[in-house]
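Spelled out from the first residue to the last, the chains are:
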Amino acid sequence: MANVTFPFPFPEHLIALLPEMVVAVMAMFLLLFDLFIPKERKVLTAWLATATAIVAGVASLQVMGAGTMVAFYGMFVLDPFAVFSKVLICAGTALGIILSIDYMKDEANVGEYYVLMLFAMLGMMLMVSANNFITMYLGLELMALSVYVLVGYQRDTLRSSEAALKYFILGSLSSGMLLYGVTFLYGVSGSFDFKLIGDALADGGGSARAATLLGLVFVVAGLAFKVSMAPFHMWTPDAYEGAPTPITAFMSVAPKVAGFVIFIRILVDALPAVQQEAEMILIWMAVLTMAIGNLAAIAQRNIKRMLAYSTIGHVGFVMLGLIAGTSEGYAGILVYLSIYLFMTMGAFAIIILMRREGIQGELLDDFAGLSRARPGYALAMGLLLFSLAGIPFLGGFWAKYAVFIAAVQAGHVYLVLYALLFSAVGAFYYIRVVKYIYFDEARVAFNFNDSAVMQATVVVMTLVIVMLGLYPDPLMGLCASAVAGLI
Amino acid sequence: MLESLFFYMFGGLAIVSAMGVVLARNTMHSVMFLIFCFFNAAGLFLMLDAEFLGIILILIYVGAVMVLFMFVIMMLEINTAKLREGFLQYLPTGAVIALALLIEFVGASRAGVFSQGAKATAEHFGREVNNTMEIGKVLYTKYLLGFEIAAIILLVALVGAIVLTLRTRKDAKYQNISAQVNVRKEDRLRKVRM
């Protein structure tokens with residue numbers, strides 16, 4: 001404490017925070033800007049928010065230096081890994097905003113909705129650049145707090161408020177667990193910095209082992225909640241069902257990226273000394289997650305709820321990359337999350353389009369006969385669902401391939417066989433939706449509100465998935481180079 | 001000697017009042033116990049020469065947060081009997097988890113730095129070290145980024161709370177300031193021939 005000298009040196013490499021600064025300033029600007037534009041032109045706020053997300057993604061690419069850049073006295077790190085995940089997060093947010101434009105236009109206070117999405121994105125960007133528990137936790141809370149509000153945005157519908165309340169209470173509890181774990185790790189290492197904790201535990205882990213393990217368990221539990229791993233998944237179906245559909249899409253993608261990235265950082269930098277134990281915990285959680293996600297999804301009649309369980313199932317598959325604990329595994333996680341982003345956004349875009357007069361368009365029955373009414377959408381939805389199921393030569397296949405191969409190389413053959421089994425179970429409920437679309441009679445008239453933006457989103461997402469399915473090498477290469485400096 | 005006496009007093013009372021928070025039947029009593037618990041925690045902070053943290057705890061948590069809690073609880077109508085439904089049903093699971101956690105905590109707190117006389121690790125800096133100034137020095141320099149993010153979190157909390165509660169009611173009367181400013185004499189005054 002006493003060695004702080006004044007004037008304190010000006011923070012180095014401030015440029016590394018340029019994307020975050022752009023987002024923070026633009027979010028605050030939009031908060032004010034929105035007050036001064038009339039209600040019928042609120043769409044301007046949405047487009048400015050989209051532009052901010054895109055600019056932030058591009059800026060992240062621009063500021064990336066040759067290696068690792070550390071700013072704010074070691075509180076913030078910018079490496080290729082962080083940059084890649086930031087681009088994913090920005091893409092997820094931009095798509096989430098685009099999906100919202102039509103859906104939210106009749107809601108009250110729609111301007112703040114986009115501002116909160118930007119703040120959530122800011123939190124995630126800070127989170128993936130964190131190399132210590134302080135920045136990580138603050139980024140996490142910024143993200144979580146914004147998302148709680150977004151989930152409850154349709155406050156006049158009961159299920160939205162209920163979802164937000166459940167998510168908020170369980171989320172706060174999990175933040176408490178995370179912090180409790182962090183205090184134990186601080187207690188044994190005297191530092192919040194991931195690398196310093198790793199160093200302190202590497203040579204002196206022995207006598208403080210029990211406390212370290214307790215810290216590990218609580219940190220893993222807290223983070224597992226955020227990425228909805230079983231048995232910390234209980235909030236997911238309710239929150240996904242109650243949230244406005246674009247927010248469901250957003251929160252099934254972007255926070256998962258941030259959560260897994262910080263998971264990787266903590267496991268690699270802070271807790272390599274207890275990797276064995278972490279692996280064991282993760283294996284059992286993965287076994288549970290895959291089973292619960294894929295089995296419970298079969299029983300769902302509401303497609304948002306079904307996709308919520310499907311997210312849990314996918315999280316189980318992504319965990320294989322964590323369990324592998326190798327560069328290939330971590331690269332596989334990035335591959336998985338990137339492809340998952342496109343699949344999910346495309347599928348949710350179609351679900352949003354299904355909303356029509358008097359019908360939410362969320363029940364599986366509502367999809368019956370879609371192929372005769374709108375063959376284009378039916379084809380796109382079919383491709384996206386096949387991809388989610390992991391049918392070969394669509395994007396989703398390569399996502400699974402990347403993590404499965406990494407896990408096999410790390411010696412977890414039985415776990416991968418188990419994952420393959422549940423992958424097959426998962427295929428059942430995805431393909432059941434395709435059955436509704438192609439082989440069932442339409443019960444309600446389709447009356448699509450064809451907004452050009454939504455159509456373009458569906459087309460682009462589907463094309464990306466098909467193209468990634470045919471030619472996944474560039475993405476795989478990119479992900480491999482993103483994690484290159486990590487271990 | 002005197003120090004450990006105070007330590008056990010504050011620590012013991014903190015534990016007792018924390019138990020009270022959970023066990024009290026009346027929610028209001030729980031809040032009171034929580035306030036008492038905060039006072040004891042503040043006492044522990046003072047014993048560690050962390051007078052700034054101790055005072056902040058009382059000022060912010062007791063003075064602001066808990067008072068707000070009380071208002072909220074007074075406004076809510078809470079049926080404690082209903083809350084306690086199913087208590088026995090969940091008791092076995094809860095008890096097993098609590099027991100497992102207790103064993104873990106005891107095990108963890110006997111290991112490593114926690115075991116080597118925990119009080120010895122808290123150094124006494126003496127009166128020449130100004131606690132508040134030292135915190136300020138690191139808060140606005142080394143931890144500046146965290147400080148800034150915390151500021152944004154507060155902004156989000158503010159915006160979120162307003163967004164979720166503000167609703168324009170048709171039947172409520174509002175001031176239209178521009179209409180008031182733009183009002184002309186002719187609108188309000190009417191010359192009446194007497």
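Residues numbered from 1 in each chain as written. Chains lettered and ligands numbered in written order. Predicted model: local features only at pLDDT ≥ 70, side-chain atom pairs only at ≥ 80, totals over all residues. Heavy atoms only, no water.

## What about the packing of helix α16 (residues 375-389) of chain A against helix α19 (residues 452-470) of chain A?
All names here are of chain A.
Thinking step 1. Contact geometry for α16 and α19: axes closest at 10 Å, N-to-C directions at 40°. Here α19 runs oblique to α16, going by the angle between their axes. The handedness of the crossing between α16 and α19 comes out as left-handed. Here Tyr377, Ala380, Leu383, Leu384 and Ser387 of α16 lie close against α19, whose contacting residues are Gln455, Val458, Thr462, Ile465 and Val466.
Thinking step 2. In terms of residue class, the contact of α16 with α19 is built from seven nonpolar, three polar and no charged. (Axes fitted to C-alpha atoms, helices over the stretch in contact; angles between N-to-C directions. Helix = DSSP H or I, 4+ residues; strand = E, 2+ residues; numbered from the N terminus. Parallel < 35°, antiparallel > 145°, perpendicular 65-115°, else oblique. Left-handed = near helix turned anticlockwise from the far one by under 90°. Contact = heavy atoms within 4.5 Å. Nonpolar A, V, L, I, M, F, W, Y, C, P; charged D, E, K, R; others polar.)

## As for unusual backbone geometry
Note: most residues except glycine have negative phi, and most peptide bonds are trans.
Residue and element names in this part refer to chain A.
Thinking step 1. Following Ala230, the chain continues to Pro231 via a peptide bond in cis, the omega torsion being 0°.
Thinking step 2. With respect to the helices and strands, Pro231 occurs in the loop between α8 (209-226) and α9 (235-242).
Thinking step 3. Its identity is not glycine, yet Phe72 carries a phi of approximately 55°, on the positive side.
Thinking step 4. One non-glycine residue, Phe393, lies in positive phi territory at about 70°.
Thinking step 5. Among the residues examined, Phe393 registers a relative accessible area of 52% and is labelled exposed. (Buried < 20%, exposed > 50% of the residue type's maximum accessible area, 1.4 Å probe, protein only.)

## Let's talk about the side chain of Ser423 of chain A
All names here are of chain A.
Thinking step 1. Topologically, Ser423 is positioned in helix α18 (residues 413-439).
Thinking step 2. Overall, the relative accessible area of 11% leaves Ser423 in the buried class.
Thinking step 3. With near-sequence residues (within four places) excluded, Ser423 lies in contact with Phe317, Ala389 and Lys400.

## A short note on the domain arrangement of chain B
Thinking step 1. Examined at the domain level, chain B breaks down into domain 1 (1-79) and domain 2 (134-164).
Thinking step 2. On a C-alpha basis, the centres of domain 1 of chain B and domain 2 of chain B stand 24 Å from each other. (Domains from an automatic or database assignment.)

## Considering the packing of aromatic side chains
Thinking step 1. In the structure shown here, the tally under the stated rule is 27 aromatic pairs over all chains.
Thinking step 2. Between Phe218 of chain A and Phe105 of chain B, the aromatic rings sit 6.1 Å apart at their centres with planes inclined by 20°, giving stacked as the arrangement. You can see Phe218 of chain A sitting in helix α8 and its partner Phe105 of chain B sitting in helix α5 (residues 87-109), one on each of two chains.
Thinking step 3. Accessibility expressed as a relative area gives 11% for Phe218 of chain A, which makes it buried.
Thinking step 4. With 5.3 Å between their ring centres and 75° between their planes, Phe7 of chain B and Tyr8 of chain B make a pair best called edge-to-face.
Thinking step 5. Residue Phe7 of chain B is classed as partly exposed on the basis of its relative accessible area of 29%.
Thinking step 6. Overall, the relative accessible area of 59% leaves Tyr8 of chain B in the exposed class.
Thinking step 7. Here a set of aromatic residues connected by ring pairs shows up, and it is made of Tyr148, Tyr167, Phe168, Phe225, Trp235 and Tyr240 of chain A.
Thinking step 8. Note that Lys435 of chain A overlies the ring of Tyr436 of chain A, its terminal NZ or CZ placed 4.9 Å from the centroid. (Phe/Tyr/Trp six-rings, centres within 6.5 Å; stacked < 30°, edge-to-face > 60°. Lys NZ or Arg CZ within 6 Å of the ring centre and 35° of its normal.)

## Looking at a nonpolar patch on the surface
Residues and elements named next belong to chain B.
Thinking step 1. Together, Met1, Leu2, Leu5, Phe6, Met9, Leu13, Phe36 and Phe39 line one region of the surface with nonpolar side chains, adding up to about 820 Å² of accessible area.
Thinking step 2. Where the nonpolar patch is concerned, the elements lending two or more residues are α1 (2-23) and α2 (27-47).
Thinking step 3. Considering each element in turn, the nonpolar patch owes the most residues, five residues, to α1.
Thinking step 4. With respect to the element layout, Leu2 can be found in helix α1. (Patch = residues over 30% accessible without salt bridge, like charges linked within 9 Å, V, L, I, M, F, W, Y side chains within 5 Å. Areas by Shrake-Rupley, 256 points an atom, 1.4 Å probe, with all protein chains shown as cover. Salt bridge = Lys/Arg side-chain N within 4 Å of Asp/Glu carboxyl O.)

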